[in-house]
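Working through the structure, step by step
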Amino acid sequence: MATATPQVERRLGASGLPFAARGLLWGLGGFVLGAAVVAIIRALAGVGAWRADQAIVVGFLFSVPAFVLGVGAWETWGRGWFGLETYEYDPPGWRRYFGFNLDHKVIGVQYLVTFLTVFILAGAVAMLMRTELMDPGRTVLGPASFTRFMSLHGFLMVLVAVTAVPGAFGNYVMPIMVGAEDMAFPRLNALSFWLWPPAILLLLASPLVGGWDTGWTGYPPLASVNNLGQIFYALAFVVGGLSSIVASVNFLTTIVKMRARGLTWGRLPIFVWAILLTGVLSLFFTQSVAVAVTMVTLDRIVGAAFFEPLLGGAPVLYQHIFWFYSHPAVYVMVLPSLGVMLEILPVFSRKPLFAYRWAVGGIIGISVLSGVVWAHHMFTVSALSNANAGFMLSTEAISVPTGLVFLSAVGTIWRGRLWMKVPMLFALAMVFNFLIGGITGVFLSDIPADYQLQDTYWVVAHFHYTIVGAGIFGLFAGIYYWFPKITGRMFDERLARVHFWMMFVGFNLTFLPMFWLGLNGMNRRIADYQPELAPVNLFVSLAGFFLGASFLVFLWNFVVSWKKGPPAGPNPWGARTLEWQTSSPPPKLNFEGIPEVVGDPYDFAPDAPRHAEIEVGGER
Amino acid sequence: MSGRRRDLVVTGALWVVLVIVGVLVVRSVDLLPALRSEEGAEVDLAFNTLLLYSIPVFAFVLAVLLYSVVRWRVDEPETGDQIRDVPAFSWGWFLVSTALAGLIFVTPGLTGFFALQSAATEEPDLEVRLTGVQWHWDVEYPEAGVALEAPQEILLPADRRVRFELTSADVIHAFWVPAFRLKQDAIPGETTELIVTPTEVSSYDADPNVRLQCAELCGTGHARMYVPVRVVEPAEFEAWLTGAAMGMGGDGMDMGSDGMDMGGNAGHDEG
Amino acid sequence: MTVHGAAHHPPYAELHRFGLRLFIASEAFLFGVLFAARFYLLGFERAEAVNVTLGVVLTIILLTATWSSHRAAAAARAGDRGAMQGQLLLTMALGVLFLALVVVEWSAGFREFPISTPYGSIFYLITGTHSLHLLIGLFVLASLFLQARRGRLGEGDVWKVEGGVAYWQFVDVVWLFVFTILYVL
Ligand SMILES: [Cu+2]
Ligand SMILES: [Cu+2]
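What counts and what doesn't
- Residue numbers run consecutively from 1 along every chain, following the written order of its sequence.
- As they are written, the chains are lettered A onward and the ligands numbered 1 onward, keeping that order.
- With the structure being a predicted model, the display of local features is reserved for residues of pLDDT at least 70 and the display and counting of side-chain atom pairs for 80 or more, all residues being used for whole-chain, interface and lining totals.
- Side-chain metrics rest on all non-hydrogen atoms present in the structure, leaving aside hydrogens and water.
- What counts as a helix is a DSSP run of H or I of at least four residues, what counts as a strand is a run of E of at least two, and both are numbered from the N terminus.
- Here, expected helix span is obtained from the residue count minus one, scaled by 1.5 Å.
- Throughout, the bend at a residue refers to the angle made by two axes, fitted to the seven residues ending there and to the seven starting there.
- For this analysis, a ring pair means two rings from Phe, Tyr or Trp (six-membered ring only for Trp) whose centres lie within 6.5 Å, classed as stacked if their planes differ by under 30 degrees, edge-to-face if by over 60, and tilted for the remaining angles.
- Only protein chains enter the accessibility calculation, which uses a 1.4 Å probe; a residue whose area is less than 20% of its type maximum is buried, one above 50% is exposed, and one in between is partly exposed.
- Polar contact is defined as a pair of N or O atoms within 3.5 Å, subject to the rule that within protein one atom must be able to donate a hydrogen and the other to accept it, and that residues adjacent in sequence are counted only when both atoms are side-chain atoms.
- The contact definition used throughout considers only heavy atoms, calling two residues in contact when any of these lie within 4.5 Å.
- Here, nonpolar core refers to any group of buried Ala, Val, Leu, Ile, Met, Phe, Trp, Tyr and Cys residues whose side-chain atoms link them within 4.5 Å.
- Nonpolar side chains (Val, Leu, Ile, Met, Phe, Trp, Tyr) are joined into patches within 5 Å and like charges within 9 Å, using only residues with over 30% relative accessible area and no salt bridge.
- Under the convention used here, a 1.4 Å probe and the Shrake-Rupley method define accessible areas, while residue burial counts only the protein chains that appear.
- Salt bridges are identified by distance alone: a Lys or Arg side-chain nitrogen within 4 Å of an Asp or Glu carboxyl oxygen.

**Thoughts on helix α12 (residues 315-349) of chain A**
- Its 35 residues place the ends of α12 of chain A 51 Å apart at the C-alpha level, agreeing with the 51 Å of an ideal helix rising 1.5 Å per residue.
- At Trp323 of chain A, α12 of chain A shows its maximal kink, close to 35°.

As C-alpha cells, this is what we get:
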C-alpha cells in the first residue's frame, strides 16, 4: 500500500526542516501533553498538580510515540491506521538518514553512526573515570560524580554492545546475505531504530538531574532512593528493550521466511545464524528487564512495595528478573560479533569455515543454556545455598558450546593462507581476547573462587575482555570488512593498521592488569582505592588513554575515507557470500535480478561453483 | 605429508613451551595476596586449580594461532587447503571440553562448595552482628552485650570460629575482607550469615587487605565504606571485649562511636 | 506493502502471520515473568478483599468478546463486510466495558489492598499490564474498523483482520491466567 511519491519530499522542502527536527518538536509536545495529563489527574485527586518524577515518566512515555510519528511514521504508517493514504519517506542525499526511512541499508547506517557516536561519548566518560583513578584520593571527580559517570559509562556501553553489531550489520548486511530485497517488516525496522534517539537523548540529559549511581545493573533498594536520574535509566531501558523486541521479530521473520531460493539452513552464512539466535534471545528475554526496571519505577513514583523491605517487598527478586534478561543479553552482545569473526576468518584464510555444523551447534547451545544461568551473578546473595550448585553446573556447561566456536575458528585458520588485511587482524585478535575473557569467566562460575572474585576488578577485566575484546572488536572487524560494501570506498589501510595495533595493545595493557587488581583487594565501582594499588592503577590509566587515542585514528580514517576513499569495487576481499555479488553500495532492492543460491558460502576451491547465481531480469 | 606432520610437531612443541612458560609466569607473579583465614584456603585452592587447568587450554589455542599466523601468512590472496572438518578432531575437542567442564564442576567446584558448606555448619566460638549502613558498618557482639556504632576498627580473635550475622539498614551492602577471601551480601530485611576463622594475628596497618570492605555498590560513599580489621590473640580479644562491655555501662552508650555524622568509619587515618 | 518485482518473497499474509506469532510468544514471556514475580513475592497467598464476583463478570465479558472477535474474522473470510464491522464494534464495546469495570475495581481496591502492599503492587501491575494490552488491542480493532469503513480493506487484507483478532484473543487468553492467579488461587 505504501507508494513512493515525491509529495512528502516536497513538504519537507517547503518547511526546510528534516523530519528528525519535526520529531523532536512533536516529542516535546508529547512530553508536555503527558505531563499535563498527570497534573490534571493529580489535581482532580486533590494531591497537588506537580510531581516531577511522575510527570517525567508519563511525559516521556507520551513523547516517544509522538517523536516516532514526527520523524515520519505518521506519513508512512500512522495515516494508514485511520484508513488514509500513506507515503514512503525517501528523499535523496543526506536527508534520507534523518527521517522514517524504510530501506534496511539506510537503517543500518543510522544504527552504525548513532551507536558509534554513543560509543565515543561513553568512551570519553571512561577516560574521565581513568583520570580519577590515576591515583588514590580525589583527582578530578568527587565520589558522587564518579559513581554517576561510572553508571552512565556502563549503561551507554551496554546499549552499544547490545545494539551496534545487530543494528548496523544485522540490518545492512543480513538481508543481502539471505538474498532478500529488504527486511520482512520495513516499517517495524524503522520503528526499531527511531525508538533509540529518545532513549539516548534522555540518558545524555540525565546528568542534568544528577544522574544515577547504581551502575548499569540498577539494584534496588539503592535504585529506589537515589536521584531522579534512575528514572531516566529505567525509561531508556524500557524503550530500548521495546526496540530490541521489535527488531528481533523482524530479524527472525526475515531469516526464516525471506531466504533466497536454494539458501538452505546448511548453506546459511554463519553471521546469519548468529543474528538468528541473537534475535531469539532478545525476543524472549528482553521483556524481563523491562519488568524489573518498571517495578523499581513504580516503587518510586507510586509507592509500590515490590522491592521495599519495610513494606514487605523483596529486593532480591529484582536481581532474579534483571539477570534473567541480562545474562542472555551478554550473548546478545557477543554472538553477533562472533558471527562476524567466523564470517571473516574463512574469507581471509581462503578456506571453508571449519566444522560449520559444530559452530552452528555451538551458537545454538550457547543460546539455549544462557536462559538457565542467571543466578551465577548472585552467588554472594546467599553464598552457600544449594541452588548455587545448579547454576554453577549450567554456567560451566556453557564453556562447551563456546569451545565449539573456538574449534571452528582455529580449525579455519589451520592450513589456510592468511591474508592479513585489517578485518582479519581484528578477527584474529578476537580469538585471543575472547579466549582470555572466556577462561577468566570460568573462575567466576566456580562458587569458591567467586567468593573472592565477585564484585572485584576481576569481574571488570573479565567482562571487558568478552564484551570489548570480542563484542566491540567484532564491531570494528565488521566495520572494516563491510566498509567498502556500505560506502563503496576503501579505507586507508595504513591508518587502519595503526588503529588496530593501538587498540589491540592498548586494550590488553588496560585490562590485563585489572585481573591482578581484583585479586588484590580492589573492588569494582569505586572512586578510590588502597594506596598500595596506586602504581598498577596509574599504569592502567595510561594504557587506557592510549586505547582511547586509537579511536581518534579510527574516526579520522572513517570520515575521510567515507568521503574521499578510492572506489572499492563490488568484491575487494574476494568473498563469496551474497552481499559481495552486488554493487558497492548495493542498489535500492539489493540485486539487479533474483539471486538463487547454488553452492556453499565458504567453498574457496578454484573450481567450486559460485555461492549464488543472479538471474538478471528474470521472472520467477 | 611430512609437511603436515612437521606442522603438527612444531605446533605441539610450541604448545609445550607455552605451557611451561605459563606455569613459570604464574609461579613468579604473586597473583593472590596473603591468606589469613581457614575457610579461605578452599577459595585459594579452587583458584589455583583452575589456574593450572586453564594454562594448557590457553596455550593450545595460542599455539595454533601463533603458528598459523607465522607459517601461513600470505601477502596476496591464495587458496588454502580445503578442509571442511576433521571429524575425529572435532569430536575429540567436544569430548575433551565436556570432560574438562565436568571435571571443574566436580573439583574444585563441588568439592570446594561442600567443604565451605560443612565448615559453615560447625559450632561458632563467637557471634558478631554486622549492619551495613550508608556508609559505615555497625558492629555488635551480642554475647557480651557490646554494640558499636561505626567503630574505627573491628577486633576479632585469632583461631576462633566467628559467625557473622549480616543485615543492612538501608540498601544492599556486602561483607568482604580480601585477606579472608569470603564475601556475602548484607540485604535489608534479611539476615545472611558467614563463618570465618582468622588464622593469625594481623592488622590493616600491616596488610591493607585486612579490612572489612563493602563490596556491593551502595552509593556515593561505597568506595570508602571500609573499616580496618585487627585480629588479635584470643586473650587480648577477651580483655578488650570485657572492657568494652563495662564501657557500655548498661545504658546502651557506645564507646566506639566517633561522634561524626558522616563519612562513615573509613580511612580517618589517611590524609 | 510495496510490490517489488524482484526477489523471492513469501505471501504477505504468511510473513505477517509468522511475525505476529513471534510477537505473541514474546508477550507470553512478559506475562510469564509477571506471574513468576507474583509467586515469588506472595507465595500462594491471596487478598481476601479481592472481588471474585467482579472477576467472574470480567471473565465472562472477555470470553464473549473472544467469541465476537472470532465471528468478525469469520465474516472477513466470508467477505461479509457489514457483519465484520458489526462484530468488531461489538467486540470493542465489550472491551470498553471491561476497562470501565477495571477502573471501578481499582478504585475499590485502592482502599482494600493499597499499592503499598506486596499484594496490591502485584495486583495493579498485572491487571494494569493486561489492561494496557487490551487498550492496544482496542486500538488495533478500531483501526481495522475505520479502514473497513473507508473501504481500504480489500479482498487481500483478510489477514489484517485475522491478525488483529488473533492478538485480541491472545490478550483474552492471558486474562484467564490473570484471573486464575489473582482471583482464584
Ligand atoms: Cu551471566
Ligand atoms: Cu557499598
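Still to come is the rest of the account.
**Quick word on the packing of aromatic side chains**
- On inspection of all chains with the given rule, the structure shows 103 aromatic pairs over all chains.
- Summarising the aromatic geometry, the rings of Phe115 of chain A and Trp196 of chain A are spaced 5.3 Å apart at their centres and angled 90° between planes, so their arrangement reads as edge-to-face. Placement of Phe115 of chain A in helix α4 (residues 104-132) and of Trp196 of chain A in helix α8 (residues 196-205) is noted, with a sequence separation of 81 residues between them. For the pair Phe115 of chain A and Trp196 of chain A, a shared accessibility class is recorded, and that class is buried.
- Taking 4.8 Å as the distance between ring centres and 35° as the angle between the ring planes, the aromatic pair formed by Phe284 of chain A and Phe29 of chain C counts as tilted. Of this pair, Phe284 of chain A sits in helix α11 (residues 270-301) while Phe29 of chain C sits in helix α1 (residues 12-42), each in a different chain.
- Judged by relative accessible area, which is 22%, Phe284 of chain A ranks as partly exposed.
- By relative accessible area, which is 32% here, Phe29 of chain C ends up partly exposed.

**A few points about the side chain of Gln117 of chain B**
- Relative to the helices and strands, Gln117 of chain B is located in helix α3 (residues 87-121).
- For Gln117 of chain B, a relative accessible area of 19% puts it in the buried group.
- Polar side-chain contacts of Gln117 of chain B include one of 2.7 Å to the backbone oxygen of Leu384 of chain A.
- Not counting chain neighbours up to four residues away, the residues in contact with Gln117 of chain B comprise Leu384, Ser385 and Asn386 of chain A.

**Looking at the nonpolar core**
- If you look at the biggest cluster of nonpolar residues, it comprises 313 residues, and the most contacted ones within it are Phe100, Phe169, Met341, Leu345, Phe476 and Trp482 of chain A.
- In terms of residues, this core owes the most to one element, α12 of chain A, which gives 22 residues.
- Contact partners of Phe169 of chain A, with chain neighbours within four places excluded, come to Ala164, Met174, Phe271, Leu475, Gly478, Ile479, Trp482 and Ile486 of chain A.
- With 42 residues, the next largest nonpolar core counts Val139, Val177, Val229 and Val232 of chain B among its residues.

**Re a nonpolar patch on the surface**
Residue and element names in this part refer to chain A.
- Taken together, Leu33, Val37, Ile41, Leu61 and Phe62 make up a surface patch of nonpolar side chains, about 430 Å² in accessible area.
- Elements with a minimum of two residues in the nonpolar patch: α2 (19-45) and α3 (52-81).
- Looking at which element gives the most residues to the nonpolar patch, the answer is α2, with 3 residues.
- Residue placement: Val37 occurs in helix α2.

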